[in-house]
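# Architecture at a glance
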Amino acid sequence: MNKGKKVGEERALPGEQAASLLSLRNEYVPKGVFQIAPIFISKGKGALIEDVDGNEYIDFAAGISVLNIGHCHDKVVSAIKEQADKYLHTCFHVLMYESYVKLAEKLAEITPGNFPKQVLLTNSGAEAVENSVKVARRYTGRYGIIAFEHAFHGRTTLAMGLTSQVKYYKYGFGPFDPGIQRFPYAYTYRAPFKTTDAEYGEYCVRTIEDSFKTYMPAEAIAAIIVEPVLGEGGYVIPPVEFLKGLRRICDDYGILFIADEIQSGMGRTGKMWAIEHFEVVPDILVAAKSLGGGMVLSAVIGRRDIMDSVDIGGLGSTFGGNPVSCVAALQTIEVIEQDKLLDRAIKLGKITKDRLEGMKEKYGVIGDVRGLGSLIGVEFVADRKTKEPATKEAGEIRQKCLEHGLITMPCGVLHNVFRLIFPLVIKEDELEKGLDILEEAIKEVDQAMS
Ligand SMILES: Cc1ncc(COP(=O)(O)O)c(C=O)c1O
């Protein structure tokens, strides 16, 4: 029997059952494994979650962008069950299976670039990022990698080096790869001087090109790795001049362009990959998160000459491209295509952005609303003029949302941005209800500030 609270009703957190599991968690799981909510799930479907105390929630976090097609999509669940009855694992290096090669073919087909491609399947986003760098270094024979401020590429040692957030992603874990060079991302809302978006994009590109004379020669740079839209760093959409300029630098100096689409890809922006909005074709694209529809999977998709430059045995892993994950991914892509989720991402994104723009007119705590399809960020500031980040207030808004049944996810180096990553299968009344809860929380916090 459901004894918990419905979405919209206030609940005490943690609930009774959650409190007992929380004490186990605190005893046996290190505190470094962070949580955003004292909630333990019992089941999820679409955009709805029920916790172990029977409370219901609308999910605007989607397991950090993993559930673009929602919790437990029927087609994905049946593909997993069917596969689980046949075989769970062989290791692709030991025995091959059809779903690995079919998925590789499909990914080559649906990624940008009208050239032959090859695909390596891996487990996590970080592992895909690491492999993209390995391949780029092997192909070019160069060691330098250009990454950006506010970037997030993962938590393994090389990926952590590429990541640009000290506390607590990198704190105390160095040293990092000496080939990594870092430059400003065209985060136009926080441009350090008065400029237009286009000019700032061009300025950021110029900074890199200038550095070839002062930091590291272009001939030493293997790749530029960039998130077409910043994820963890604050859901920042750069001007087109930025990404086009990076592509131009790559072309001029024989550098490879790696697009990290781990968070921005798989239909979230209204195109399969965010980079398509900028009409830029990467040499290598890395995907993960929503690729497996909830299962563990990542991929490195690249030009065939680049991917095939690695010697036999230079790539792989025990679990990479697990057969259960591969069938889940094939189904996930089919769902996105057949259910027209790209159109839906645009429609839902417009509803959400319109509501947020309306809120921005009323509540000074909202400094910026930005989005591409259903990849939407709201940046909270303590003062619109100085743009001082409202980190504490963002935390209070998040807590009020949780207590009324809405799960939201912060981002930005100072955690003052909300990323609204609802599953693209969310019903419109669920989306509106979630936005009502969010507005109420923003209103309360905004009133307390003034
Ligand atoms: C853009 C981007 N790259 C890489 C990663 C790392 O992925 P994983 O956590 O699966 O290693 C993430 C995770 O948030 C990400 O958002």
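Summary of the structure given here. (Residues numbered from 1 in each chain as written. Predicted model: local features only at pLDDT ≥ 70, side-chain atom pairs only at ≥ 80, totals over all residues. Heavy atoms only, no water.)

## A look at the layout of surface pockets
In this approach the atoms are scanned with a rolling probe the size of a water molecule, which exposes any empty space left behind. Space inside the largest pocket adds up to approximately 1300 Å³. Forming the walls of the largest pocket are 44 residues, and the residues nearest its centre are Phe-34, Gly-63, Ile-64, Val-66 and Lys-289. Where the lining of the largest pocket is concerned, the elements lending two or more residues are helix H1 (16-28), helix H2 (62-65) and helix H5 (125-140). Among the elements that take part in the lining of the largest pocket, H2 stands out by supplying 3 residues, more than any other. When the residues that make up the lining of the largest pocket are grouped by side-chain class, the tally is 25 nonpolar, 12 polar and 7 charged. (1 Å grid on protein atoms, 1.4 Å probe; cavity = no way out; pocket = protein on both sides within 12 Å on 5 of 7 lines; lining within 4 Å. Points joined across faces, edges and corners; volume = space filled by probe spheres on them. Helix = DSSP H or I, 4+ residues; strand = E, 2+ residues; numbered from the N terminus. Nonpolar A, V, L, I, M, F, W, Y, C, P; charged D, E, K, R; others polar.)

## Description of a nonpolar patch on the surface
Together, Leu-21, Leu-24, Tyr-28, Val-29 and Val-33 make up an exposed nonpolar region whose accessible area comes to about 460 Å². Tracing the chain through its elements places Val-29 in the loop between H1 and strand S1 (41-45). (Patch = residues over 30% accessible without salt bridge, like charges linked within 9 Å, V, L, I, M, F, W, Y side chains within 5 Å. Areas by Shrake-Rupley, 256 points an atom, 1.4 Å probe, with all protein chains shown as cover. Salt bridge = Lys/Arg side-chain N within 4 Å of Asp/Glu carboxyl O.)

## Overview of the packing of aromatic side chains
With the rule as written, the count across this model stands at 16 aromatic pairs. Here Phe-92 and Tyr-100 contribute two aromatic rings whose centre-to-centre distance is 3.7 Å and whose plane-to-plane angle is 5°, an arrangement assigned as stacked. Tyr-100 matches Phe-92 in its accessibility class, with the two residues each being buried. Plain terms: the ring middles of Tyr-168 and Tyr-171 are 6.0 Å apart, the flat faces sit at 90° to each other, and that makes the pair edge-to-face. Of note, Lys-387 hangs over the ring of Tyr-189, and the distance from its end group to the ring centre comes to 4.3 Å. (Phe/Tyr/Trp six-rings, centres within 6.5 Å; stacked < 30°, edge-to-face > 60°. Buried < 20%, exposed > 50% of the residue type's maximum accessible area, 1.4 Å probe, protein only. Lys NZ or Arg CZ within 6 Å of the ring centre and 35° of its normal.)

## So, the environment of Gly-172
Within the secondary structure layout, Gly-172 lies in the loop between helix H7 (166-170) and strand S6 (180-183). Judged by relative accessible area, which is 75%, Gly-172 ranks as exposed. In sequence terms Gly-172 and Asp-446 are 274 residues apart; their C-alpha atoms lie 36 Å from each other.

## Thoughts on the pairing of strand S10 (residues 298-303)
The buried fraction of S10 is high, at 6 of 6 residues. With 6 bridges joining them, strand S4 (residues 117-122) and S10 adopt antiparallel strand pairing. Counterpart to Leu-121 in the pairing with S10 is Ala-299. Inspection of the sheet shows strand S9 (residues 284-287) paired to S10 by 4 bridges, in the antiparallel sense. Its bridge partner lying in S10, Val-286 is registered against Val-300. (Pairing = 2+ DSSP bridges.)

From the geometry alone we can't say anything about function, so treat these as descriptive.
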